[in-house]
Amino acid sequence: MDFSDPQMQQYLLIGGAIFAALILLMLWSVVRGTARASERMMALGQRVEQLSSGQDHLGGSLNNVAQNQAIGQTQLTNMMEQRLGEVQLNLHETLAKSQQRTGENLAQMQQQMSDNLAAQQLKLQENLSQMQVRTNRSISELQEKMGQSLMGNAKQTATSLTSLQERLMTIDKAQANIEKLSGNVLSLQDILSNKQTRGAFGEIQLNDIVGKALPKDSYTLQATLSNGKRADCLIHLPNPPGSIVVDSKFPLEAYEALRRAETQWDVTEAAKMMRTAVKKHLNDISTKYIIEGETADGALMFLPSEAVYAELHANFPELVREGFDKRVWIVSPTTCMATLNTMRAILKDARMREQAGSIRKELGLLAGDVDRLGTRVGNLDRHFGQAAKDIEDIKISAEKAGKRAHRLDHFDFEELAADTETPAAAGVVPLVPKP
């Protein structure tokens, strides 16, 4: 153990101080004990004398420890001053070296930056020259493309002009067709302006709708009733409801007047005309085409125009209700088709009921055919089972024949002779005689 080491001396001083503190604590506790036990001083006199001598000895030891501690502190202070001087000296030297290296690094960095700037300037000049070359090349290519594009545009313009001329010719043809169509429209207007031709137009449209919706034997066109009145179409439905009349009406004048009306007075007059015309048609159909015992308890008024039908339901609902009261139902081409499809279902159901006996007879015959088919399928199943059994027997025989052929191929004559199934039939005698 090196007592000249300052750190060791410091540890010794700290240990001595701790030991002295412990001694002082012990002395303090003893003094307190002696103070509290003053009544025992007489009995402990001898011990007190011993303690006093020990105290003297301890005092000398404490003085020595204090002297040693002062010496150690002095040495420690000197050592710390010495170390501090050394550290300051080293710090100055390090700072000087750092400043020197920093100056050198700065000089190198300046040199490198100047070199890099020079290189970048050179590279920038090269890039500028290359860019100028590419720009000149692009400009020349662009000029060439523009020239080609102008030529192409000229060709496209010529093509477009040719196409435009062709389209103008097509437009001229279309205009001619439009003129023809306008003539057809004018002829249609002429047809609709005449009541007789307008009535024929409605009848033709009604005939077309009825012909598409119903079979030919379920209706009669221009049928004459018992009262001598001729209906546009009489649909033969079973009782009830019975045959029903469909009559075509077309109040076009009142509708056109209503469409052309500009003032409130014109609208009122056109509405009166519409009510008068529709009421007349409803009365005519109700009185002429509803005959008890001959026709159904109602009739249909066919309007060949969806616009007139929509106008009635939108602005004249009282006319529709009056038709219901008179048992005359107003239909348009669309609703007439739906009504006729319903009638078609009724006709189909009636004919099915008429043919119920024949259907039952055919069903009985079909049941007999099914029974015979089941019997024949059973017979065929038995034949297939027998055929499957025969095929299985054939497979067994073929397998046995194959085994025998395999034995013959390997000259297994003794095994063939020893076969217990058909030894006599095989007729094979062993070559080696039995002993």
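Read on for an overview of the structure. A quick note: this is a predicted structure, and the numbers were derived from the prediction, not measured. Residue numbers run consecutively from 1 along every chain, following the written order of its sequence. Note on the predicted model: pLDDT of at least 70 is required for a residue's local features to be given, and 80 or more for side-chain atom pairs to be given and counted; whole-chain, interface and lining totals, by contrast, use all residues. Hydrogens and water are ignored here; the side-chain numbers use all heavy atoms of the structure.

For the rest of this paragraph, the subject is the state of the cysteines. Disulfides are defined as cysteine sulfur pairs within 2.5 Å. Scanning the model with the defined rule gives 0 disulfides in all. Cysteine Cys233 remains unbridged, with the sulfur of Cys336 as its closest cysteine sulfur at 8.4 Å.

For helices, the fitted axis covers only the stretch in contact; all axes are lines through C-alpha atoms, and the angles between them, taken along N-to-C directions, range from 0 to 180 degrees. For the purposes of this entry, the term helix denotes a DSSP run of H or I that reaches at least four residues, the term strand denotes a run of E that reaches at least two, and both are numbered from the N terminus. Between helix α4 (residues 252-260) and helix α5 (residues 264-288), the least distance of the axes is 8 Å, while the angle of their chain directions is 165°. Relative to α5, α4 is oriented roughly antiparallel. Viewed along their axes, α4 and α5 form a crossing whose handedness is left-handed. Contacts between α4 and α5 involve Glu253, Ala254, Tyr255, Ala257 and Leu258 from the former and Val267, Ala270, Ala271, Met273 and Met274 from the latter. Under the scheme applied, nonpolar residues are Ala, Val, Leu, Ile, Met, Phe, Trp, Tyr, Cys and Pro; charged residues are Asp, Glu, Lys and Arg; polar residues are all the others, including Gly. A class-by-class count of the residues in the contact of α4 with α5 yields 9 nonpolar, no polar and 1 charged. Working definition: roughly parallel below 35 degrees, roughly antiparallel above 145 degrees, roughly perpendicular at 65 to 115 degrees, and oblique for all remaining angles. Crossing chirality is assigned from the near helix's rotation relative to the far helix, an anticlockwise turn below a right angle marking it left-handed and a clockwise turn marking it right-handed. In what follows, a contact means two residues having at least one pair of non-hydrogen atoms within 4.5 Å.

Further remarks concern the nonpolar core. We call a set of buried residues a nonpolar core when its members are Ala, Val, Leu, Ile, Met, Phe, Trp, Tyr or Cys and they connect through side-chain atoms within 4.5 Å of each other. Each residue's exposure class comes from its accessible area (1.4 Å probe, protein chains only) as a fraction of the maximum for that residue type: buried when under 20%, exposed when over 50%, partly exposed otherwise. By size, the foremost hydrophobic cluster in this structure holds 30 residues, and its most contacted members are Met274, Met301, Leu303, Leu312, Phe316 and Ile330. Among the secondary structure elements, those contributing two or more residues to this core are β2 (230-235), α4, α5, β4 (299-302), α6 (306-315) and β5 (328-331). No other element matches α5, which puts 6 residues into this core. The residues contacting Leu303, other than those within four sequence positions of it, are Lys249, Pro251, Val308, Tyr309, Leu312, Ile330, Val331, Ser332 and Pro333.

Proximity of charged atoms lets side chains of opposite charge pair with each other. Only one rule defines a salt bridge in this text: a Lys or Arg side-chain nitrogen within 4 Å of an Asp or Glu carboxyl oxygen. All told, the structure shown has 11 salt bridges when counted by the stated rule. For Lys212, the salt bridge is made with Asp208, and the minimal N-O distance between the two is 3.4 Å. In this pair, Lys212 and Asp208 both sit in helix α3 (residues 195-213), 4 residues apart, roughly one turn of the helix. For Lys212, a relative accessible area of 61% corresponds to the exposed category. Here Arg327 makes a salt bridge to Asp297, at a shortest N to O gap of 2.1 Å. With a gap of 30 residues between them, Arg327 in the loop between α7 (317-325) and β5 and Asp297 in the loop between α5 and β4 connect regions that are remote in the sequence. For Arg327, a relative accessible area of 35% puts it in the partly exposed group.

A few words now on unusual backbone geometry. Backbone geometry at Gln222 places phi at a positive 55°, although glycine is not the residue there. Tracing the backbone through its elements, the reader meets Gln222 in strand β1 (residues 219-224). The phi angle at Arg327 is positive, at roughly 60°, despite the residue not being glycine.

At least two DSSP bridges between two strands are needed for those strands to be called paired. Where β1 lies against β2, 5 bridges are found, and the strand directions are antiparallel. Following the sheet pairing, Ala223 is matched in β2 by Ala231. Linkage of β1 to β2, two consecutive antiparallel strands, is achieved through a turn of 5 residues, within which Gly228 is found at a positive phi near 85°.

What follows deals with the environment of Arg327. C-alpha of Arg327 to C-alpha of Ile290: the two residues are 37 residues apart in sequence and 8.8 Å apart in space. Excluding anything up to four places from it in sequence, Arg327 contacts Ile290, Asp297, Gly298 and Ala299.

As a further point, take the sheet that holds β4. Pairing within the open sheet is mixed, and its 5 strands lie in the order β1-β2-β3-β4-β5. Whereas interior strands pair on both sides, the edge strands pair on one side only; in this sheet they are β1 and β5. Going from strand to strand, the sheet's axes swing by 30° on average, the running direction of each strand aside. Packing against the sheet, α5 makes contact with β3 (244-248), β4 and β5, and its axis sits at approximately 145° to β4. Where helix α8 (residues 333-354) meets the sheet, it contacts β2, β3, β4 and β5, and its direction lies at approximately 150° from that of β4.

On to α8. Since there are 3.6 residues in each turn of an α-helix, residues three or four apart along the chain are aligned in direction. Here a helix's expected span is defined as the number of its residues, less one, multiplied by 1.5 Å. An ideal rise of 1.5 Å per residue puts 32 Å on 22 residues; α8 measures up with 31 Å between its terminal C-alpha atoms. Burial in α8 covers these residues: Pro333, Cys336, Leu340, Met343, Leu347 and Ala350. Buried residues of α8, viewed axially, fall in a sector of 90°; they line one side. For α8, the exposed residues set more than 90 degrees away from the buried face come down to Thr334, Lys348 and Arg353. To be clear, the arc concerns the directions from the helix axis to the C-beta atoms.

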